[in-house]
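Analysis of the macromolecular model
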Amino acid sequence: MALIVKKFGGSSVANAKRVFNVANTIIGDYKKGNDVVVVVSAQGDTTDDLIEKAKEINPDGPSKRELDMLLSAGEQMSIALLAMAIEKLGCPVISLLGWQAGFSTDSKHGIARIKKVDPERIKNEIAKRNIVIVAGFQGLNKYDDITTLGRGGSDTSAVAIAATMKADVCQIYTDVDGVYTADPRKVPDAKKLDAITYDEMLELATLGAQVLNNRSVEMAKKYNVELEVLSSLETKPGTIVKETVKMEKTLIRGVAKDTNVATVSVVGLEDTPGVAFKIFNKLAQKRINVDIILQSVGRDGTKDITFSVPKDDGKTAVESLEAMKDSLNFHKIALDESVAKVSIVGAGMESHPGVASKMFEALYDANINLRMISTSEIKISVLIDAECADRAVKAVHDKLID
Ligand code: ADP
Ligand code: ASP
Ligand code: MG
């Protein structure tokens, strides 16, 4: 008998038929004598729809506390519906909200981090031979307020339960049958991977492959939780995410695209020491994550600094630097939201020169201009015009993944 944690994403429970399909999958494992804990996301586009409802009431953006109160309702609906389906099929089941399942988080509403999962209630329910259905994406802070974990956060809820309860298996069910070398909906030639390392998956997820939430991969690596990503619609093996993977011939594990990017250009700065410090210190105070940075020589002994940030932070970045215009002393500042980041990831790249040049050649052949470049041991990212992003992913995939 094993302890199995299963997570089903929004599309897997989007309507009644799919809810019953998921219920049957769960019951299959339960009837073999296993203990089953299930994490579910909100149905279909529920979370997006709730965000729109909030905007109808307050277009300037409601408080993050109230937004969390609203968004957590999406998962409350789906756990109840899934539990009702399992009940109807004749199996004992109970649904639990995040706080009932013991999820404590910090207080950063909208992007809270899990501090602890107290598994007592889940254990008690399992002892009664109940199937336990837990609302993903939510927890409770120290003030007893509901928090949410950030978009795609249910993956992390599942890994947290698997880590805390030392589950035998953690299965992430979704609407594709595994992790591919690129988004299979955008690149039809993308290949399914049998396995991928935590580090590679973490890079791919961070660089925009939404199939797994990056925090969930980070946590899986930390607590050594082996993950399987698989389809909720077909029964076949998925992709295993683990520490080491038998190296195949390919150097590149995957290509990812991120359109949640904007660039800020500060033009005509004084070319003196301390300017970069002033800019990035201010952004750090505002908790804005800066990604790629480019400094270039401007006119008449000045310099320009351009950097990329998540799109949602673009306006705040510009406003905070504009507020320092007198002390920073620059000519002008510009925000560009029409950019995207395309990246390649692969642990094999480290020891193989020439990968970057192949990537740049692919983009050159596709007549795509590079605005910024950044590299690390296992990834290369380029910033390009957003409208070229899908074409760029395809061109790079065609050239580097055979
Ligand atoms: P869920 O609702 O189950 O959490 P998501 O929409 O968050 O599902 O993630 C699944 C989607 O991720 C797929 O439909 C696919 O379009 C996208 N995706 C992006 N990159 C990849 C990749 N490299 N491999 C597989 N899927 C990917
Ligand atoms: N429902 C949340 C979202 O749409 C959490 C999740 O799907 O994992 O982001
Ligand atoms: Mg997801």
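It should be noted that the structure appears before, not after, this text.
Throughout what follows, the structure given in this document is the object of discussion. Only a predicted model underlies this, so the values are computations on that prediction, with no experimental measurement involved.

On the basis of which strands lie adjacent, the open sheet formed by eight strands has the order β3-β6-β2-β1-β9-β11-β12-β10 and mixed pairing. With one partner strand each, in any of the chains shown, β3 (93-96) and β10 (195-197) form the two edges of the open sheet. Pairwise comparison of adjacent strand axes, ignoring direction, gives a mean angle of 20 degrees for this sheet. Here strand β9 (residues 169-174) pairs with strand β11 (residues 227-231) via five bridges, running parallel. Each residue of the ladder has a partner; that of Y173, found in β11, is L230.

Taken together, S41, A42, T47, E75, F137, R151, G152, G153 and S154 make up the full set of residues near ligand 2. S41 places a polar side-chain atom, nitrogen or oxygen, 3.4 Å from an oxygen atom of ligand 2. Between an oxygen atom of ligand 2 and a main-chain N or O atom of G153, the distance comes to 3.4 Å. Within the complex, 86% of the 260 Å² of free accessible area of ligand 2 lies under protein.

Moving on, we come to the site of ligand 1. In the region of ligand 1, 18 residues are neighbours, and T174, D175, Y180, D183 and R185 sit closest. One of the side-chain nitrogen or oxygen atoms of K7 is found 3.1 Å away from an oxygen atom of ligand 1. Here an oxygen atom of ligand 1 sits 2.8 Å away from a polar atom, N or O, in the side chain of R185. Burial of ligand 1 by the protein chains amounts to 87% of its free accessible area of 580 Å². Of the residues assigned to the shell around ligand 1, the class counts are eight nonpolar, six polar and four charged.

Here we take up the packing of aromatic side chains. Inspection of the entire model under this criterion finds two aromatic pairs. With a centroid separation of 4.5 Å and an interplanar angle of 20 degrees, the aromatic rings of F8 and Y173 are classed as stacked. Taken together, the positions of F8 in strand β1 (residues 3-8) and Y173 in strand β9 put the pair 165 residues apart, joining distant regions of the chain. The exposure class of F8 is buried, given its relative accessible area of 0%. Judged by its relative accessible area of 7%, Y173 is buried.

Moving on, we come to a nonpolar patch on the surface. Where nonpolar side chains cluster on the molecular surface, the patch consists of M77, L81 and M84 and spans about 280 Å² of accessible area. Counting through the fold element by element, L81 comes out in helix α3 (residues 64-88). In this structure L81 comes out as partly exposed when scored by relative accessible area, which is 34%.

Further remarks concern unusual backbone geometry. Its identity as a non-glycine residue notwithstanding, R129 has a phi of 65 degrees, on the positive side. Mapped onto the secondary structure, R129 falls in the loop between α4 (120-127) and β6 (131-135). With relative accessibility at 28%, the residue R129 sits in the partly exposed group. Even without being a glycine, N367 presents a positive backbone phi close to 60 degrees. Here N367 shows up in the loop between α11 (355-365) and β17 (372-376).

Turning next to the sheet that holds strand β16 (residues 332-345). The antiparallel open sheet is built from six strands, whose spatial order is β14-β15-β13-β16-β18-β17. In the strand order of this sheet, the two ends are held by β14 (293-297) and β17, each with one partner. With strand direction ignored, the average angle separating the axes of adjacent strands in the sheet is 25 degrees. Of the pairings in the sheet, the one linking β14 to strand β15 (residues 302-310) comprises five bridges and is antiparallel in character. Note that in β15 the partner of V297 across the bridge is K303. Running over the sheet, helix α6 (residues 198-206) touches β13 (254-270), β16, β17 and β18 (379-385) and is turned about 60 degrees from β13. Together, β13, β14 and β15 form the strand contacts of helix α8 (residues 275-285), whose direction differs from that of β15 by roughly 20 degrees.

Taken together, the buried positions of helix α7 (residues 214-222) are R215, S216, V217, M219 and A220. For α7, the secondary structure elements touched by its buried residues are β5 (114-117), α5 (154-164), α6 and β11. N224, located one to two residues past α7, shows a positive phi value of around 55 degrees.

Calculation notes
- Residues numbered from 1 in each chain as written.
- Chains lettered and ligands numbered in written order.
- Predicted model: local features only at pLDDT ≥ 70, side-chain atom pairs only at ≥ 80, totals over all residues.
- Heavy atoms only, no water.
- Pairing = 2+ DSSP bridges.
- Helix = DSSP H or I, 4+ residues; strand = E, 2+ residues; numbered from the N terminus.
- Axes fitted to C-alpha atoms, helices over the stretch in contact; angles between N-to-C directions.
- Near = heavy atom within 4 Å.
- Polar contact = N/O pair within 3.5 Å; in protein donor to acceptor, adjacent residues only side chain to side chain.
- Areas by Shrake-Rupley, 256 points an atom, 1.4 Å probe, with all protein chains shown as cover.
- Nonpolar A, V, L, I, M, F, W, Y, C, P; charged D, E, K, R; others polar.
- Phe/Tyr/Trp six-rings, centres within 6.5 Å; stacked < 30°, edge-to-face > 60°.
- Buried < 20%, exposed > 50% of the residue type's maximum accessible area, 1.4 Å probe, protein only.
- Patch = residues over 30% accessible without salt bridge, like charges linked within 9 Å, V, L, I, M, F, W, Y side chains within 5 Å.
- Salt bridge = Lys/Arg side-chain N within 4 Å of Asp/Glu carboxyl O.
- Contact = heavy atoms within 4.5 Å.

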